[in-house]
Amino acid sequence: MAVIHRTTMQPGKTELLAAWLPTRPWYAAGADGPRPVRAGGFRLDDPEGEVGIEFMVVTDGTGPDAVAYQVPLTYRADPLAGAEHALVGTAEHGVLGKRWVYDGVHDPVLVERLHALLAGRAEPQAQTATDTPDPTVAVSPLAPGGTGAGAEPVRVEEGPDHTDVVVRESGAPAPLVLRVRRVLRADGDGGTADGARGRVTGAWQRPDGTTARGTYATALTAAAGLTEFTA
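Every value quoted in this text rests on a predicted model; they were computed, and no experiment measured them. (Residues numbered from 1 in each chain as written. Predicted model: local features only at pLDDT ≥ 70, side-chain atom pairs only at ≥ 80, totals over all residues. Heavy atoms only, no water.)

**A closer look at the overall build of the chain**
Here is step 1 of the chain: Secondary structure assignment for the chain yields two helices and 13 strands.
Here is step 2 of the chain: Every one of the 231 residues in the chain was classed for burial, and the buried ones make up 48%.
Here is step 3 of the chain: Partitioning the intrachain contacts of the chain with sequence separation of at least 6 by distance along the chain shows that 57% fall at a separation of at least 24.
Here is step 4 of the chain: Entry remark: accessible area of the chain is about 10,700 Å², with carbon and sulfur atoms responsible for 52%. (Helix = DSSP H or I, 4+ residues; strand = E, 2+ residues; numbered from the N terminus. Buried < 20%, exposed > 50% of the residue type's maximum accessible area, 1.4 Å probe, protein only. Contact = heavy atoms within 4.5 Å. Areas by Shrake-Rupley, 256 points an atom, 1.4 Å probe, with all protein chains shown as cover.)

Structure representation (structure tokens):
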């Protein structure tokens, strides 16, 4: 169970994201540069209690042109070996000390927990309260494919508005793609028209104070012929 500390981080999360977002292929540059504002999201618990896991939503811009981005983050007490390319930055936590903050799609702990959420083995947690489920996050469970016991990340592929994490499911004959929406769109509960085997939807706040709801992540069967697992 993750414990939420009432303290500060220096630099703050949105400060880190202001420098990091422009480096992403899916970032739509604003006229005044990035000015991310926290707008929603949820957390997942690491069963080992070592890694903080947060799916943060930020908005950038004002009025109808504001863009909502989803940034899955992990917080670690030590660097993640081999993940230098995924480092968002470091920050000093008021209680826990120095934390290494990573783009979570490259962190195997977050990937496994996202799979667990889609498989019904994890529960979305509130961002700002300890041991409190978040009822605003809805999950359409993953249709059977593997054993449901776990998933190992294979590679990460960036798209124009999303990131695909290809995983090997325990006991499954074919790989699975966990598609994380980076640029969020208000599409209600999303439906299943795109052939998704599972879906996570949630809400965020627009700059004008209204609430939007859309797809955070989907699970898709990998394209036929994808049989080689490469790092």
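Next comes the rest of the account.
**Regarding helix 1 (residues 13-20)**
Here is step 1 of the chain: What helix 1 keeps buried is the set Lys13, Leu16, Leu17 and Trp20. Projected down its long axis, helix 1 shows its buried positions confined to an angular sector of 95 degrees, all on one face. (Arc of directions from axis to C-beta.)

**Quick notes on the pattern of salt bridges**
Here is step 1 of the chain: Inspection of the entire model under this criterion finds 13 salt bridges.
Here is step 2 of the chain: Taking the shortest distance from any N to any O, the salt bridge between Asp187 and Arg181 comes out at 3.5 Å.
Here is step 3 of the chain: Overall, Asp187 belongs to the partly exposed group, its relative accessible area being 30%.
Here is step 4 of the chain: A relative accessible area of 18% means that Arg181 is categorised as buried. (Salt bridge = Lys/Arg side-chain N within 4 Å of Asp/Glu carboxyl O.)

**Quick word on the nonpolar core**
Soluble globular proteins: nonpolar side chains tend toward being buried together.
Here is step 1 of the chain: Counting 31 residues, the largest nonpolar core has Phe42, Leu114, Leu178, Val200 and Trp204 as the members making the most contacts within it.
Here is step 2 of the chain: When contributions to this core are tallied by element, the ones reaching two or more residues are strand 2 (37-44), strand 3 (52-60), helix 2 (108-118), strand 9 (162-169), strand 10 (176-181), strand 12 (198-205) and strand 13 (211-221).
Here is step 3 of the chain: Here the element with the most residues in this core is helix 2; it accounts for six residues.
Here is step 4 of the chain: Core analysis: the next-biggest nonpolar cluster, separate from the first, contains 18 residues, Met9, Tyr27, Tyr69 and Ala91 among them. (Core = buried A, V, L, I, M, F, W, Y, C linked by side-chain atoms within 4.5 Å.)

**What to know about the environment of Glu157**
Here is step 1 of the chain: Turning to its location among the elements, Glu157 is positioned in strand 8 (residues 151-158).
Here is step 2 of the chain: Distance from Glu157 to Val105, taken between C-alpha atoms, is 9.8 Å for residues 52 residues apart in sequence.

**Overview of the packing of aromatic side chains**
Here is step 1 of the chain: Taken as a whole, this structure holds six aromatic pairs when the rule is applied.
Here is step 2 of the chain: For the pair Trp20 and Trp26, a centre-to-centre distance of 6.0 Å together with 65 degrees between the ring planes defines the contact as edge-to-face.
Here is step 3 of the chain: Among the residues examined, Trp20 registers a relative accessible area of 6% and is labelled buried.
Here is step 4 of the chain: Among the residues examined, Trp26 registers a relative accessible area of 3% and is labelled buried.
Here is step 5 of the chain: An aromatic cluster is built from Trp20, Trp26, Tyr27 and Tyr69, whose rings are joined through pairwise contacts. (Phe/Tyr/Trp six-rings, centres within 6.5 Å; stacked < 30°, edge-to-face > 60°.)

**Topic: the pairing of strand 12**
Here is step 1 of the chain: Counting buried positions along strand 12 yields six of eight residues, so the element is predominantly enclosed.
Here is step 2 of the chain: Across three bridges, strand 7 (residues 138-140) lies against strand 12 in antiparallel orientation. Looking at the pairing, Ser140 lines up with Arg199 of strand 12.
Here is step 3 of the chain: The pairing of strand 12 with strand 13 spans eight bridges and is classified as antiparallel. For Val200, the partnering residue across the bridge sits in strand 13 and is Ala217.
Here is step 4 of the chain: Between strand 12 and the antiparallel strand that follows it, strand 13, lie five residues; Gly209 among them carries a positive phi value of about 95 degrees. (Pairing = 2+ DSSP bridges.)

**Some thoughts on helix 2**
Here is step 1 of the chain: Of all eleven residues in helix 2, nine are buried; the element is thus mostly enclosed.
Here is step 2 of the chain: One side-chain oxygen at the N-terminal end of helix 2 lies 3.0 Å from the backbone nitrogen of Val109; it belongs to Asp107. (Polar contact = N/O pair within 3.5 Å; in protein donor to acceptor, adjacent residues only side chain to side chain.)

**Re the environment of Met56**
Here is step 1 of the chain: Structurally, the position occupied by Met56 is in strand 3.
Here is step 2 of the chain: For the pair formed by Met56 and Gln127, sequence separation is 71 residues and the distance between their alpha carbons is 8.6 Å.
Here is step 3 of the chain: With residues near it in sequence (within four places) discarded, Met56 still touches Lys13, Leu17, Arg38, Gly40, Tyr69, Gln70, Val71, Leu73, Tyr75 and Gln127.

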